[in-house]
Amino acid sequence: MNAEADELTCTHEPDFPVTVLHAKGRLTFATVPELRNCAQKALTDQPEVLIVDVSGLEAGDDITLTALPMLARQGAETGTDVMIVGPRPHLREQLDRLGVARRVAVHADLAGALSAHARLPGPRRLELDLPAEPHSTSAARELVDRACVQWKVGHLADTAALIVTELVANAVEHAGTPIRVRVALRNRHLHVAVRDESPLPLERSADDEEPGRGLLIVEGMSSAWGCVHTAGGKVVWATLRLPIKR
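Basis of the calculations
Residues numbered from 1 in each chain as written. Predicted model: local features only at pLDDT ≥ 70, side-chain atom pairs only at ≥ 80, totals over all residues. Heavy atoms only, no water. Buried < 20%, exposed > 50% of the residue type's maximum accessible area, 1.4 Å probe, protein only. Helix = DSSP H or I, 4+ residues; strand = E, 2+ residues; numbered from the N terminus. Pairing = 2+ DSSP bridges. Right-handed = clockwise from strand over helix to strand, strands pointing away. Arc of directions from axis to C-beta. Contact = heavy atoms within 4.5 Å. Polar contact = N/O pair within 3.5 Å; in protein donor to acceptor, adjacent residues only side chain to side chain. Core = buried A, V, L, I, M, F, W, Y, C linked by side-chain atoms within 4.5 Å.

**Some remarks on the pairing of strand E3 (residues 49-59)**
Burial within E3 is extensive, with eight of its eleven residues counted as buried. Inspection of the sheet shows strand E2 (residues 18-27) paired to E3 by nine bridges, in the parallel sense. Within the sheet, the bridge partner assigned to Val-18 lies in E3 and is Val-49. In the classification by handedness, the crossover that spans E2, the intervening helix H1 (residues 32-43) and the parallel E3 is right-handed. Bridge count between E3 and strand E4 (residues 81-85): five bridges; the pairing is parallel. The residue of E4 that forms the bridge with Val-49 is Asp-81.

Structural data, given as structure tokens:
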């Protein structure tokens, strides 16, 4: 097999609130991780929308295109809409054959995607920069409490405050760098994220009696959670699902 034919180049252009990811080359089982990794980096800044430009993309096998709905699900967990733009006719046929357009919005060009995004209700966000000090956990809880009251999701306040306390405490103990806390409400989820500037991997807090208790709390109380490494550190995030109104 021609190695050059299986090359995939992915770059992203952050311009908050929109990030554009350009995928050029051939999408195969070997190159799907490159697309996934680039998308994860693009999502760390939690843009309102991630637009995936596939105008230069070919799919070696239809099944590899299931990576796109997976990106959309990942975006939903962190409060970001994902859209696809610019598929050429053959790629569009493949997307339609797999039903991708039923799960991810597909637009002919960037202008169409931006126009559709402008019609969507924007997320509500609050952010706070904090030092790596123990008292930062209290400030983070206050931010989350205020957000939940302001956005009328007070029933999530205690759980969200507990989660952000554990995430900030972990960053204070193990990263020891300035911290940015972000809470956002988008669609059916409340999102909490804590960014630090440490390149070290996520650590479980060392408690003599219950090692790793903090992150176990986060895992047990959130709908989903994870850690994404960035060029300047890492972002640890968690989401809480809002109840469906009947």
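**Details of helix H4 (residues 110-118)**
What sets the pattern is the α-helix's 3.6 residues per turn: residues three or four places apart point alike. Within the sequence span of H4, burial applies to Ala-113, Ala-116 and His-117. The buried residues of H4 occupy one face: seen down the axis, they fall within an arc of 100°. Along H4, exposed side chains directed more than 90 degrees from the buried face belong to Ala-111 and Ala-118. Looking at the packing, one finds that the buried side of H4 touches E2, E3, E4 and strand E5 (105-107). One side-chain oxygen of the residue at the start of H4 lies 3.4 Å from the amide nitrogen of Ala-111, identifying that residue as Asp-109.

**Let's talk about the nonpolar core**
Residues Val-181 and Leu-190 are the most contacted members of the largest nonpolar core, which totals 31 residues. In terms of residue count, the dominant contributor to this core is helix H6 (residues 157-175) (eight residues). Beyond its immediate chain neighbours, meaning those up to four positions away, Val-181 contacts Leu-126, Glu-127, Leu-128, Leu-130, Ala-140, Leu-143, Val-164, Val-168, Ala-193 and Val-194. If you look at the next biggest cluster of nonpolar residues, it comprises 28 residues, including Ala-23, Cys-38, Val-52 and Leu-95.

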